[in-house]
Amino acid sequence: MFYGAVVWDPWLIVAQIVCLQCLYYLTLGFFLSILVGTRVSKMSLVYFFDYATVTASTITGWCVIASIFLSSVAGAGFLVYLVERAKKCLDFCATLYIINLFICIIYGGWPSSITWWVVNITCLAVTALLGEYLCMRRELREIPISRYRSNA
C-alpha cells in the first residue's frame, strides 16, 4: 500500500497494538530473566507488573529498571517493522504504555512510586523518539533505481 492512500483499517491497528504489546513483554521477560533472574530465587509476574519492584534502593530494583529501559529501546526497533510510519510512533508508544499502566493497576494497584512514573515516562519518550528517528531514516532512504532503463 502506498503512503498517500489513507485507509482506516481498525483490524490492522488492533493487530499492530497486540503484536507490539506481545513483543514488548517478550523482550521485557528476556531482559528480566537475564538481569533479575540471576539475582532472585523465583521469577514471577511481580517483576513485570508490580510498581514496588521498580526501585532505586536495591540492586534488583536497578536490574528491573535496566530491563524496562532495554525493552523500550527494543520496542523502538519493533516500531520500525510493525508501524513503519514516523508520525504514528507516538500513538502506538502511548497506547503500549497506557495498556501497561492498566495491567499494572489491575495487578498491584495504582502505582504510587515516583520511581515507577519516572522510569515509565522516560521509557515512553525513549521508545517514541527513537522509534520516530528510526522510522524517518527508513522513510528517507533512497529508492534504488535500476541501472538499465528503457529508452522510451
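Everything below is about the structure printed above this text.
The text that follows walks through the structure, step by step, so that each part is easy to find. Computed from a predicted model, the values in this text were never measured in an experiment. Sequence order as written defines the numbering, with residues in each chain counted from 1. Under the rules for a predicted model, residues below a pLDDT of 70 receive no local features and side-chain atom pairs below 80 are neither given nor counted, while totals for whole chains, interfaces and linings still include all residues. With hydrogens and water set aside, each side-chain value is computed from the structure's full complement of heavy atoms.

1. A short note on helix H1 (residues 10-35)
The way it works is that DSSP assigns letters per residue, a run of H or I at least four long becomes a helix, a run of E at least two long becomes a strand, and they are numbered from the N terminus. Take the number of residues in a helix, subtract one, and multiply by 1.5 Å to get its expected span. Across its 26 residues, H1 extends 37 Å between first and last C-alpha, which sits within 8% of the 38 Å expected from 1.5 Å per residue. Every buried residue of H1 is accounted for by Gln-16, Leu-20, Gln-21, Tyr-24, Tyr-25, Thr-27, Leu-28, Gly-29, Phe-31 and Leu-32. By definition, residues are in contact when any of their heavy atoms lie within 4.5 Å. The inward-facing, buried residues of H1 contact helix H2 (46-49), helix H3 (59-82) and helix H4 (89-108). Burial status follows relative accessibility: with a 1.4 Å probe on protein chains alone, a residue under 20% of its type maximum counts as buried, one over 50% as exposed, and anything between as partly exposed.

2. Remarks on the pattern of salt bridges
For this document, the term salt bridge refers to a Lys or Arg side-chain nitrogen within 4 Å of an Asp or Glu carboxyl oxygen. In total, this model carries one salt bridge according to the counting rule given. With a closest N to O distance of 3.5 Å, Glu-139 and Arg-85 form a salt bridge. Of this pair, Glu-139 sits in helix H5 (residues 114-139) while Arg-85 sits in the loop between H3 and H4, placing them 54 residues apart in sequence.

3. Concerning the side chain of Gln-21
You can see Gln-21 is positioned in helix H1. Relative accessible area serves as the criterion here: at 8%, Gln-21 is assigned to the buried category. If near-sequence neighbours (up to four positions away) are discounted, Gln-21 is found in contact with Thr-95, Leu-96, Ile-99 and Asn-100.

Remember, this is a structural readout, not a statement about activity or role.
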